[in-house]
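# Overview (structure and organization)
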Amino acid sequence: MTLEATSRGEFWRAWLAVALWTALVWTLSSDGFSASSTARVIGPIVRFFFPGISKEHFELVHFAIRKGAHLTEYAVLALLTLRALRRGAPRPASHSALLALAFAVAVASADELRQSRSQVRTGSPVDVAFDGSGGALALGGALLWQRRFGVKARRRYRSPDRVPSDTRGAPANVEDL
């Protein structure tokens, strides 16, 4: 596989985004962002909007916010990885999605292993599955989106001078794009 100069730049920028996002995920899973640490930040915000919230309800809201953040972190990681993989060697979208999911699960596994060695945090295989589900949901959505809108959207937004045509000037078949 040879990449043109502009494609090489896009390729490396895509992988740089994956590396930076992975670093952010690792930072957010450090001891400084443990549940007790984030409760000090999230607590005043939740209590501002819900002044009479009980301790039990606050813990439930705090747990939901943290798990929602995990789903989002790993969804973004999986999508960035998919984007980077699609910039490289040509392969079916489903293969790229599986590789992206494997990468997200590998990062989640390494992260949980690191947390299991911490005195402030706990590592759990359940958390790996939860993080992986964030990646799987995002990738499943991306594949469905591509299947539903991919070819049509590319065809619709291309400039007229770039759309292939047959000898009569009519746009070519979708397979030709």
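Residues numbered from 1 in each chain as written. Predicted model: local features only at pLDDT ≥ 70, side-chain atom pairs only at ≥ 80, totals over all residues. Heavy atoms only, no water.

## Concerning the pattern of salt bridges
As enumerated under the stated definition, the model contains two salt bridges in all. A salt bridge links Lys67 to Asp127, with the shortest nitrogen-to-oxygen separation between them at 3.0 Å. You can see Lys67 sitting in helix α3 (residues 55-86) and its partner Asp127 sitting in helix α5 (residues 125-157), a full 60 residues away along the chain. Taking relative accessible area as the criterion, Lys67 reaches 17% and is therefore assigned buried. (Salt bridge = Lys/Arg side-chain N within 4 Å of Asp/Glu carboxyl O. Helix = DSSP H or I, 4+ residues; strand = E, 2+ residues; numbered from the N terminus. Buried < 20%, exposed > 50% of the residue type's maximum accessible area, 1.4 Å probe, protein only.)

## Thoughts on the packing of aromatic side chains
Scanning the entire structure with this criterion turns up three aromatic pairs. Judged by centre distance (5.0 Å) and plane angle (85°), the ring pair of Phe11 and Trp12 falls under edge-to-face. On the accessibility criterion, Trp12 (58% relative accessible area) is exposed. Each ring, one from Phe48 and one from Phe49, has its centre 5.2 Å from the other, and the planes form 85°; the classification is edge-to-face. One cation-aromatic arrangement involves Arg47 over Phe58; the distance from NZ or CZ to the ring centre is 4.4 Å. (Phe/Tyr/Trp six-rings, centres within 6.5 Å; stacked < 30°, edge-to-face > 60°. Lys NZ or Arg CZ within 6 Å of the ring centre and 35° of its normal.)

Spatial relationships are all this shows, so hold off on functional conclusions.
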